Amino acid sequence: MTATGDLFTPAHKGLRSMIYDLGGRLQRTDFSDTVASTAVLADLEHEFANAVTSSCLLCLLHGHAGHEETNVFPSMQSIDPAMIRMLIDDHQEITRRLVLLTKMAHEINALEAPDQRVAAGARINREANEFFAFYLGHMNKEEVTIVPAMKEHFTDEQLGAMQGKIIASMPRDRLAGYLRWMLPSLTLAELSGLMAGVKRGMPPEALQFVVGIGAANVDSARWATVRERVGF
Ligand SMILES: [Fe+2]
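Everything quoted here is computed from the prediction, not taken from an experiment.

**Some details on the overall build of the protein**
Next up, step 1: Tallying secondary structure elements over the protein gives eleven helices and zero strands in all.
Next up, step 2: What you see in the protein, going N to C, is helices and strands ordered as α-α-α-α-α-α-α-α-α-α-α.
Next up, step 3: Since a compact globule built from 232 residues should have a radius of gyration of about 17 Å, the 19 Å found for the protein is in line with a globular shape.
Next up, step 4: Relative to its 232 residues, the protein shows a buried fraction of 44%.
Next up, step 5: For the protein, the computed accessible surface area is about 11,400 Å², with 56% contributed by carbon and sulfur atoms.

**Here's the deal with the pattern of salt bridges**
Next up, step 1: By the definition in use, this model includes eight salt bridges.
Next up, step 2: Between D90 and K141 there is a salt bridge, and its shortest N-O distance comes to 2.9 Å. Residue D90 is found in helix 4 (residues 81-110), and its partner K141 is found in helix 5 (residues 114-144); the two are separated by 51 residues along the sequence.
Next up, step 3: The partly exposed category is assigned to K141, whose relative accessible area is 28%.
Next up, step 4: Between E93 and R97 there is a salt bridge, with the nearest N and O atoms lying 2.9 Å from each other. Within this pair, E93 and its partner R97 are both found in helix 4, separated by four residues, close to a single helical turn. The same class applies to E93 as to R97, namely buried.

**Notes on the coordination of the iron ion**
Next up, step 1: Taken together, the protein ligands of the iron ion are E68 (OE), H91 (NE2), H138 (NE2) and E142 (OE), with distances of 2.0 to 2.2 Å.
Next up, step 2: Taken together, the four donor atoms coordinating the iron ion span angles of 85 to 172° at the metal, a pattern that classifies the geometry as irregular.

**Some details on the layout of surface pockets**
The method is simple in principle: a probe with the dimensions of a water molecule rolls over the atoms, and the space it marks as empty is what remains.
Next up, step 1: Reported here for the largest pocket is a volume of approximately 1,100 Å³.
Next up, step 2: Of all the elements in the fold, those that place two or more residues in the lining of the largest pocket are helix 1 (9-27), helix 3 (57-77), helix 7 (156-169), helix 8 (172-182), helix 9 (188-201) and helix 10 (204-217).
Next up, step 3: Looking at side-chain class alone, the lining of the largest pocket contains 22 nonpolar, eleven polar and five charged residues.

**A word on helix 6 (residues 146-153)**
Next up, step 1: Within helix 6, the full set of buried residues consists of I146, V147, A149 and M150. Buried residues of helix 6 fall within an arc of 165° about the axis and therefore sit on the same side.
Next up, step 2: Check the buried side of helix 6 and you find it contacts helix 1, helix 3, helix 4, helix 5 and helix 7.

**Description of empty space enclosed by the protein**
Next up, step 1: Overall, the coordinates contain one cavity of 30 Å³ or more when judged by the stated rule.
Next up, step 2: Volume-wise, the largest cavity comes out at about 40 Å³.
Next up, step 3: Around the largest cavity, the lining residues are G5, D6, L7, F8, V147, M150, K151 and L159.
Next up, step 4: A per-element tally of the lining of the largest cavity places helix 6 first, with three residues.
Next up, step 5: Tallied by class, residues from the lining of the largest cavity come to five nonpolar, one polar and two charged.

**Overview of the side chain of D90**
Next up, step 1: The class of D90 is buried, set by a relative accessible area of 9%.
Next up, step 2: In terms of polar contacts, D90 uses its side chain to reach the side chain of H138, at 2.8 Å.
Next up, step 3: D90 has contacts with F134, H138 and K141, leaving out every residue within four places of it along the chain.

Calculation notes
Residues numbered from 1 in each chain as written. Predicted model: local features only at pLDDT ≥ 70, side-chain atom pairs only at ≥ 80, totals over all residues. Heavy atoms only, no water. Helix = DSSP H or I, 4+ residues; strand = E, 2+ residues; numbered from the N terminus. Rg over C-alpha atoms; globule rule 2.2 N^0.38 Å. Buried < 20%, exposed > 50% of the residue type's maximum accessible area, 1.4 Å probe, protein only. Areas by Shrake-Rupley, 256 points an atom, 1.4 Å probe, with all protein chains shown as cover. Salt bridge = Lys/Arg side-chain N within 4 Å of Asp/Glu carboxyl O. Donors = N, O, S within 2.8 Å, 3.2 Å for Na, K, Ca; no water. Tetrahedral: all angles 85-135°; square planar, octahedral: opposite > 155°, others 65-115°. 1 Å grid on protein atoms, 1.4 Å probe; cavity = no way out; pocket = protein on both sides within 12 Å on 5 of 7 lines; lining within 4 Å. Points joined across faces, edges and corners; volume = space filled by probe spheres on them. Nonpolar A, V, L, I, M, F, W, Y, C, P; charged D, E, K, R; others polar. Arc of directions from axis to C-beta. Contact = heavy atoms within 4.5 Å. Polar contact = N/O pair within 3.5 Å; in protein donor to acceptor, adjacent residues only side chain to side chain.

Have a look at this one:
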């Protein structure tokens, strides 16, 4: 029987929300205003040397690809090496574009003349849009390749175990960084299913951790419905 578990799509919904939000902030930023542009530039400056932080959105986008490569791709390597090669090639392209965006953000920070900052802001908007388009296309590609392939080859128990391993491998603040975006991005049915799984399969303090993030980030009427449905 084909499994129903999906390690990618719910997380991808959160990443899409991040991309839409960051794109919106970028295009309304006045780069001649140093104070106003500092926050958005911080989200574009990827510190590859450091652990992924929960506030740097590009760090979360890059970290997600890393989690896939470490925890998910090896399980499919021998089953479909060509597919895994294609997805890893995409990840390398993502990294290349992140290096470029980080360099451009550093360059804007070093500029003082307002007109130069505005021109550089237009350039970084274009580059970020290319990056977002590539990343969005890549997630769609995963959802029609590796997602159905994994449902075919693994049981829901196996997929659940892989998911547990990914969550356990993540520092708490990084996990919080993803959940803050993912929980408000799901349908009511998906969110209820996820919370029921957390309630069933995780210790009470883990449930409290996720409930705290949900209460702070999901629309309050939606969150109340989920609480009632799942019972927590
Ligand atoms: Fe990926």
